[in-house]
Amino acid sequence: MEPHEIAEVLDRPFSQELLARDITRLAYVAPDGTPRTVPIAFVWNGTHVVMCTTKNAPKLASLRANPAVALTIDTEVHPPKILLIRGRAELDVVDGIPEEYVSANTTYEMTPEQRAEWEAEVRSLYDGMVRIVVTPTWAKLIDFETTLPTAVEELVRQRAEREQAEDRP
C-alpha cells in the first residue's frame, strides 16, 4: 500500500473516531512461532500508533525478533466499525513514564483522586518503560456502510453479476 493510500484510509472520519479510542489489539508472532494478540492502551499521534509497556514484558523479545505487527481497533456496537492496521514495531526504551502512557489511560472513568493515586502508583512502580511505535504500512477501514470485508465485497459483486445475468433476455 502506498503512503497516500494509507493516509486516505486513516483520515476518514470513522478511522479518526477509532484512532481516538484507548484500546487496540496488538498481534505479533511469539518466539515459538505461534500467534499472540493482546489488548493494549495506545495513542495515535497523527503518524504513529504508540503503545507503552514494562521493560520486562514478554512481548518485547517477540517484537525484537520479528517486528511485524497487526492492530485491530473496533467498536462493540452494531454495525461494528473496525480499523485494521499493519506495520513494523520500533522499540524505544525510555526512563520514567512516557507521556503517551499517561494520555492513553485518560479515558478510563476515574475521579480526580483516583487518577492522582493511579499516576502516583505508576510512577513509583516503573523506573522506565518501552514505547512500541508502529508506523502503518497498510490500513483498512470496515464500517459496513461505505466499506465491507474483502470477502463480503466479493460476494456482493458476485450476486450483482448473477442478478444481471438473470435479467438479460
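Right above here is the structure, for reference.
Residues numbered from 1 in each chain as written. Predicted model: local features only at pLDDT ≥ 70, side-chain atom pairs only at ≥ 80, totals over all residues. Heavy atoms only, no water.

### Brief notes about the overall build of the chain
Consideration 1: In terms of helices and strands, the chain carries six helices and seven strands.
Consideration 2: Tracing the chain from N to C terminus, the helices and strands come up as α-α-β-β-β-β-α-β-β-α-α-β-α.
Consideration 3: At 20 Å, the chain has a C-alpha radius of gyration far larger than the 15 Å of a compact globule built from 169 residues.
Consideration 4: On the principal axes, the C-alpha backbone points of the chain span a range of 75 × 40 × 30 Å. (Helix = DSSP H or I, 4+ residues; strand = E, 2+ residues; numbered from the N terminus. Rg over C-alpha atoms; globule rule 2.2 N^0.38 Å.)

### Some points on the pattern of salt bridges
Consideration 1: Summed over all chains, the structure comprises nine salt bridges.
Consideration 2: Its salt-bridge partner being Glu76, residue Arg21 comes within 3.0 Å of it at the nearest N-O pair. You can see Arg21 sitting in the loop between helix H2 (13-19) and strand E1 (23-29) and its partner Glu76 sitting in the loop between strand E5 (68-74) and strand E6 (82-95), a full 55 residues away along the chain.
Consideration 3: Residue Glu100 is joined to Arg131 by a salt bridge in which the shortest nitrogen-to-oxygen separation is 2.9 Å. Of the two residues, Glu100 is situated in helix H4 (residues 99-104) and Arg131 in strand E7 (residues 128-142); the sequence distance between them amounts to 31 residues.
Consideration 4: Where salt bridges share partners, they join Asp92, Glu100 and Arg131 into one cluster. (Salt bridge = Lys/Arg side-chain N within 4 Å of Asp/Glu carboxyl O.)

### Side note on the layout of surface pockets
Consideration 1: One number sums up the size of the largest pocket: a volume of about 160 Å³.
Consideration 2: Lining the largest pocket, in full, are Pro3, Ile6, Ala7, Leu10, Asp11, Gln16, Trp44, Gly46, Thr47, Thr135 and Pro136.
Consideration 3: Secondary-structure elements contributing two or more residues to the lining of the largest pocket are helix H1 (3-10) and E7.
Consideration 4: For the lining of the largest pocket, the element with the highest residue contribution is H1, accounting for four residues. (1 Å grid on protein atoms, 1.4 Å probe; cavity = no way out; pocket = protein on both sides within 12 Å on 5 of 7 lines; lining within 4 Å. Points joined across faces, edges and corners; volume = space filled by probe spheres on them.)

### A closer look at the packing of aromatic side chains
Consideration 1: One pass over the full model with this rule turns up two aromatic pairs.
Consideration 2: Pairing Tyr101 with Trp118 gives two aromatic rings, centres 5.9 Å apart and planes at 25 degrees, and the pair type is stacked. In this pair, Tyr101 sits in helix H4 while Trp118 sits in helix H5 (residues 112-125), placing the two residues 17 residues apart along the sequence.
Consideration 3: Classification of Tyr101 by relative accessible area gives buried; the value is 15%.
Consideration 4: Aromatic side chains Tyr101 and Tyr126 sit 6.3 Å apart centroid to centroid with 90 degrees between the ring planes, which places their arrangement in the edge-to-face category. You can see Tyr101 sitting in helix H4 and its partner Tyr126 sitting in the loop between H5 and E7, a full 25 residues away along the chain.
Consideration 5: Connected via pairs of aromatic rings, a cluster forms that spans Tyr101, Trp118 and Tyr126.
Consideration 6: In this arrangement the basic side chain of Lys81 is found over the ring face of Phe14, its NZ or CZ atom lying 4.5 Å from the centre. (Phe/Tyr/Trp six-rings, centres within 6.5 Å; stacked < 30°, edge-to-face > 60°. Buried < 20%, exposed > 50% of the residue type's maximum accessible area, 1.4 Å probe, protein only. Lys NZ or Arg CZ within 6 Å of the ring centre and 35° of its normal.)

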